[in-house]
Structure formats: C-alpha cells, structure tokens
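Structural characterization, general
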Amino acid sequence: MDCLFCKIIAGEIPSSKVYENDRVFVFRDINPQAPVHMLAVPKEHIGSADEVTAENSAAVAAIFEAIPKVAAAEGLTGGYRIVSNCGPDACQSVKHLHFHILGGKQLSEKMD
Ligand code: AMP
C-alpha cells in the first residue's frame, strides 16, 4: 500500500519520533502549526475516522492512552488540542488516520 504514514511507521521514510508502542506511533509534524505539533497514528492502517469500526477501535483507544503521556513528556501542562481531519471538506491530506496534538502556546478559540 502506498501510504506515507505506513512508510514512516515502517522506518522507510525518516521522521522525528516522539513515542512508540505496539499499536501507536507518534512523531513531529514536518510543518508545525504550533510550538509543539505531533501526529499520533495507529500502526494498523486505518484510512480516516470514517473507517473506525468495532473491530479496529482498540487502536484508537491506544492512541488516546498514549496522548497524555506524550503531552506530559512535551511539557504541555497548560493544555493542548487534538484534531483529526476526516475527508476532503476537512482538508485531510494523508489518508491514514492521525490525530494532530497541538500545544505550547495559547491556541485560538477558532476551530476552522
Ligand atoms: P492532514 O492535513 O490532517 O491530513 O495532516 C497531515 C499532516 O501530515 C500535515 O500537518 C503535514 O504537515 C504532515 N506531514 C506530511 N508529511 C509529513 C512527514 N513526512 N513527516 C511528518 N509530517 C508530515
């Protein structure tokens, strides 16, 4: 499968890894939108939030267990934002489910 994030997880494309366990990979966004901007992805290929099912949702739970750990390790004591773009209206550009973790500054109240 020609998937950028699958290649990053496999180590075929370099990334700035922040955290990894058997289900989850977290790395720094190449084009950061905040002082801390990480992407948390399932190792299993899931195309987007639209493809989450009862069969694969444990991968999503594993991501949400990992997020507080990486947020604490990055010193995001003031809070952070989690965003997942799903589909063209949301400008999803990489078709592998990912959660942006943004922080390290006062974020805008605007969500779009
Ligand atoms: P989205 O637009 O929600 O699909 O987010 C995709 C994100 O992947 C963007 O924020 C990109 O900056 C980021 N991105 C694209 N290629 C890479 C890469 N090679 N390493 C790290 N982040 C990347």
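My aim in this report is to walk through the structure given alongside it, one point at a time. Throughout this description, residue numbers start from 1 for each chain and increase along the sequence as written. Reporting of local features is limited, given that this is a predicted model, to residues whose pLDDT is at least 70; pairs of side-chain atoms are given and counted only at 80 or more, and all residues count toward the totals for whole chains, interfaces and linings. Here the side-chain values reflect all heavy atoms present in the structure, with hydrogen atoms and water set aside.

**Some remarks on the environment of Val 36**
Mapped onto the fold, Val 36 is located in strand E3 (residues 36-42). With a relative accessible area of 9%, Val 36 lands in the buried category. For the pair Val 36 and Gly 75, spaced 39 residues apart in sequence, the C-alpha to C-alpha distance is 9.4 Å. Sequence-distant contacts of Val 36, defined by excluding residues within four places in its chain, comprise Glu 74, Leu 76, Ile 101, Leu 102 and Gly 103. To qualify as a helix, a DSSP run of H or I must reach at least 4 residues; to qualify as a strand, a run of E must reach at least 2; elements of each kind are numbered from the N terminus. Using a 1.4 Å probe on the protein chains alone, a residue whose accessible area is under 20% of its type maximum counts as buried, one over 50% counts as exposed, and one in between counts as partly exposed. The contact rule is simple, with two residues in contact once any of their heavy atoms fall within 4.5 Å.

**Concerning the sheet that holds strand E1 (residues 17-20)**
Pairing between the strands of a sheet is mediated by backbone hydrogen bonds and can be parallel or antiparallel. Pairing is antiparallel in the open sheet, where five strands are placed in the order E1-E2-E3-E5-E4. Strand pairing shows two members of the sheet lacking a second neighbour, E1 and strand E4 (80-83), which therefore form its edges. For this sheet, the mean angle separating the axes of adjacent strands, direction not counted, is 20 degrees. Bridge analysis of E1 against strand E2 (residues 24-28) gives three bridges, and the strand direction is antiparallel. Bridge pairing in E2 places Lys 17 opposite Phe 27. To obtain each axis, a line is fitted to C-alpha atoms, and for helices this fit is confined to the stretch in contact; angles are then taken between N-to-C directions over 0 to 180 degrees. Contacting E1, E2, E3, E4 and strand E5 (99-103), helix H2 (residues 57-73) crosses the sheet at an angle of about 155 degrees to E3. In this analysis, strands are considered paired if DSSP registers two or more bridges between them.

**As for the environment of Gly 47**
Inspection of the secondary structure assignment puts Gly 47 in the loop between E3 and H2. Accessibility expressed as a relative area gives 7% for Gly 47, which makes it buried. Sequence separation between Gly 47 and Gly 87 is 40 residues, and the spatial gap between their C-alpha atoms is 9.5 Å. For Gly 47, the residues in contact, after removing those within four places along its chain, are Gln 92, Lys 95, His 96 and Leu 97.

**Quick notes on H2**
Taking 1.5 Å per residue, 17 residues should reach 24 Å; H2 reaches 25 Å between its end C-alpha atoms and fits that length. Within the span of H2, buried status applies to Ala 59, Val 60, Ala 62, Ile 63, Ala 66, Ile 67, Val 70 and Ala 71. Of the surrounding elements, those touching the buried residues of H2 are E1, E2, E3, E4 and E5. The first or second residue beyond H2 is Gly 75, which carries a positive phi of 75 degrees. Here, expected helix span is obtained from the residue count minus one, scaled by 1.5 Å.

**Comments concerning the pattern of salt bridges**
Where charged atoms of side chains with opposite charge meet at close range, the side chains can pair. We count a salt bridge whenever a side-chain nitrogen from Lys or Arg sits within 4 Å of a carboxyl oxygen from Asp or Glu. For the coordinates displayed, the defined rule picks out five salt bridges. For the salt bridge of Asp 2 with Lys 7, the shortest nitrogen-to-oxygen distance reads 2.6 Å. In this structure Lys 7 comes out as partly exposed when scored by relative accessible area, which is 25%. Notably, a salt bridge pairs Lys 110 with Asp 112, separated by 2.9 Å at the nearest N-O pair.

**Considerations on the site of the ligand**
Residues in contact with the ligand amount to 16 residues; listed here are only the nearest, Asp 29, Asn 85, Ser 93, His 98 and His 100. Polar contacts here mean pairs of N or O atoms no more than 3.5 Å apart (in protein, one a potential hydrogen donor and the other a potential acceptor; neighbouring residues in sequence count only if both atoms are side-chain atoms). Asp 29 places a side-chain nitrogen or oxygen 2.5 Å from an oxygen atom of the ligand. Here Ser 93 contributes a backbone N or O atom positioned 2.7 Å from an oxygen atom of the ligand. For the ligand, whose unbound accessible area comes to 500 Å², protein coverage reaches 83%. Under the grouping applied here, Gly and all other residues not named as nonpolar or charged are polar, the nonpolar ones being Ala, Val, Leu, Ile, Met, Phe, Trp, Tyr, Cys and Pro and the charged ones Asp, Glu, Lys and Arg. For the shell around the ligand, the class distribution of residues is eight nonpolar, six polar and two charged. Working definition: residue near molecule or strand if any one of its non-hydrogen atoms lies within 4 Å of it. Working definition of accessibility: Shrake-Rupley area with a 1.4 Å probe, residue cover restricted to the visible protein chains.

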